[in-house]
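# Coordinate analysis (summary)
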Amino acid sequence: QELILTTKVSPSILTAEDRQDRFFDISVLDYTTEEVIQNTSFLITLYKDDQAILHGNFHSDPGPLKIRITDVGHDIRDGNLTSHSNSIWSTTMGNITLQGPILLEAGLYRLSIKLVGLGTSMDKITLPSGGLTFNSWLSVADLKNNIVENANRRNNITIISYYDRIINSTFNPENKTVSWTMPFDWNLSRINHQNILVHEEVILPRSIFNASPFDFAASLDGMPLTGRSLTIDPYSSVNSTTVHLLINKQNIVDLMNERISDLDNDTMLFRLVQ
């Protein structure tokens with residue numbers, strides 16, 4: 001029997017500064033009928049920097065599982081459960097609340113979901129003895145503010161990375177260049193087996209960056225970013241210009257083929273200049 005595992009994380013954009021509740025929605029459907037499979041059991045592990053920060057067995061009688069994560073205290077606690085027996089968080093309504101500092105640190109996370117039980121004896125769904133494991137990645141956006149002086153005024157250059165944390169950022173006033181680095185795993189096997197979109201955003205004060213949008217240039221590890229990879233938004237604010245850098249899987253593969261950068265560095269180096 002063919003199955004579909006669906007996952008959804010909300011809000012769709014997570015930031016370290018925003019402490020609102022986070023939600024995981026997980027469902028298993030029959031591929032042919034698109035019917036939701038009931039009586040599901042999952043082993044869910046959330047990794048940050050290859051360290052497990054959440055690990056537990058979950059069971060949902062109706063099938064779909066909604067995990068609400070709320071920032072309360074420093075230890076992970078559970079609530080909104082029907083029972084917590086045999087080391088399994090179980091719910092008859094499909095809703096579970098976890099309390100603790102989860103998904104609050106900026107960076108890239110790996111979500112591992114193992115299916116360990118599906119349906120009733122009448123459904124005749126057989127899983128491998130070791131279960132079925134699915135992996136996906138999600139990001140908590142990082143934000144860095146750089147305060148710079150210009151004409152005796154303090155200006156703020158804001159960099160937002162929606163993919164992983166910002167390691168460092170600099171601004172050179174002489175040539176109006178903003179630079180920053182971000183961790184990135186250049187493993188080709190990983191890249192080929194998942195959808196990747198690296199989204200970086202820079203908000204620039206017009207008191208410093210006051211040229212035409214056509215005068216901006218950007219690069220990733222020395223490779224120029226052009227076309228859809230570089231989007232200029234001069235309209236959202238009267239005081240600033242927003243620049244979006246969008247790097248897709250093909251851009252990354254092209255960069256690896258050209259060997260412009262040292263791919264052993266496990267970082268991406270961005271430059272934006274007016």
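Now for a look at the structure at hand. (Residues numbered from 1 in each chain as written. Predicted model: local features only at pLDDT ≥ 70, side-chain atom pairs only at ≥ 80, totals over all residues. Heavy atoms only, no water.)

Mapped onto the secondary structure, serine 219 falls in strand 17 (residues 217–220). Judged by relative accessible area, serine 219 falls into the buried class, the value being 15%. Each residue touching serine 219, except ones within four places of it in the same chain, is listed here: Pro224, Leu225, Leu269, Phe270 and Arg271. (Helix = DSSP H or I, 4+ residues; strand = E, 2+ residues; numbered from the N terminus. Buried < 20%, exposed > 50% of the residue type's maximum accessible area, 1.4 Å probe, protein only. Contact = heavy atoms within 4.5 Å.)

In this section: unusual backbone geometry. The omega torsion across serine 10 and proline 11 is 0°, close enough to zero to call that bond cis. Within the secondary structure, proline 11 is located in the loop between strand 1 (3–10) and strand 2 (14–15).

On to the pattern of salt bridges, then. Side-chain pairing between opposite charges can occur once the charged atoms of the two side chains come close. Under the counting rule described, the total for this entry stands at eight salt bridges. For lysine 48, the salt bridge goes to glutamate 105, with nearest N and O atoms at 3.9 Å. Of this pair, lysine 48 sits in strand 4 (residues 40–48) while glutamate 105 is found in the loop between strand 10 (95–99) and strand 11 (107–117), placing the two residues 57 residues apart along the sequence. Among the charged side chains, a network of salt bridges with common partners joins Lys48, Asp49, Glu105, Asp164 and Arg165. (Salt bridge = Lys/Arg side-chain N within 4 Å of Asp/Glu carboxyl O.)

For the rest of this paragraph, the subject is the pairing of strand 21 (residues 267–273). A one-sided burial pattern is seen for strand 21, the buried positions being Met268, Phe270 and Leu272 and the unburied ones Thr267, Leu269, Arg271 and Val273. Two elements, strand 15 (residues 177–183) and strand 21, share seven bridges in a ladder whose sense is antiparallel. Among the inter-strand pairings, threonine 177 is bridged to a residue of strand 21, identified as valine 273. As paired elements, strand 17 and strand 21 share four bridges and run antiparallel to each other. Paired with leucine 220 across the strands is phenylalanine 270, a residue of strand 21. (Pairing = 2+ DSSP bridges.)

Inspection of every chain in the model, using the stated rule, returns six aromatic pairs. Both rings, one in tyrosine 163 and one in phenylalanine 184, keep their centres 5.7 Å apart while their planes meet at 40°; by these two values the pair is tilted. Taken together, the positions of tyrosine 163 in the loop between strand 13 (153–161) and strand 14 (168–172) and phenylalanine 184 in the loop between strand 15 and helix 1 (188–192) put the pair 21 residues apart, joining distant regions of the chain. By relative accessible area, tyrosine 163 is classed as buried at 7%. Aromatic pair phenylalanine 209 and phenylalanine 216: ring centres 6.4 Å apart, planes at 20°, arrangement stacked. When sorted by exposure, phenylalanine 209 lands in the same class as phenylalanine 216, which is buried. Through a chain of ring-to-ring contacts, the aromatic side chains of Tyr163, Phe184 and Trp186 assemble into a single cluster. Over the ring of tyrosine 109 we find lysine 48, and its NZ or CZ is 5.6 Å from the ring centre. The residue whose ring lies beneath arginine 190 is phenylalanine 184, and the NZ or CZ to ring-centre distance is 5.1 Å. (Phe/Tyr/Trp six-rings, centres within 6.5 Å; stacked < 30°, edge-to-face > 60°. Lys NZ or Arg CZ within 6 Å of the ring centre and 35° of its normal.)

Keep in mind these values describe shape, not function.
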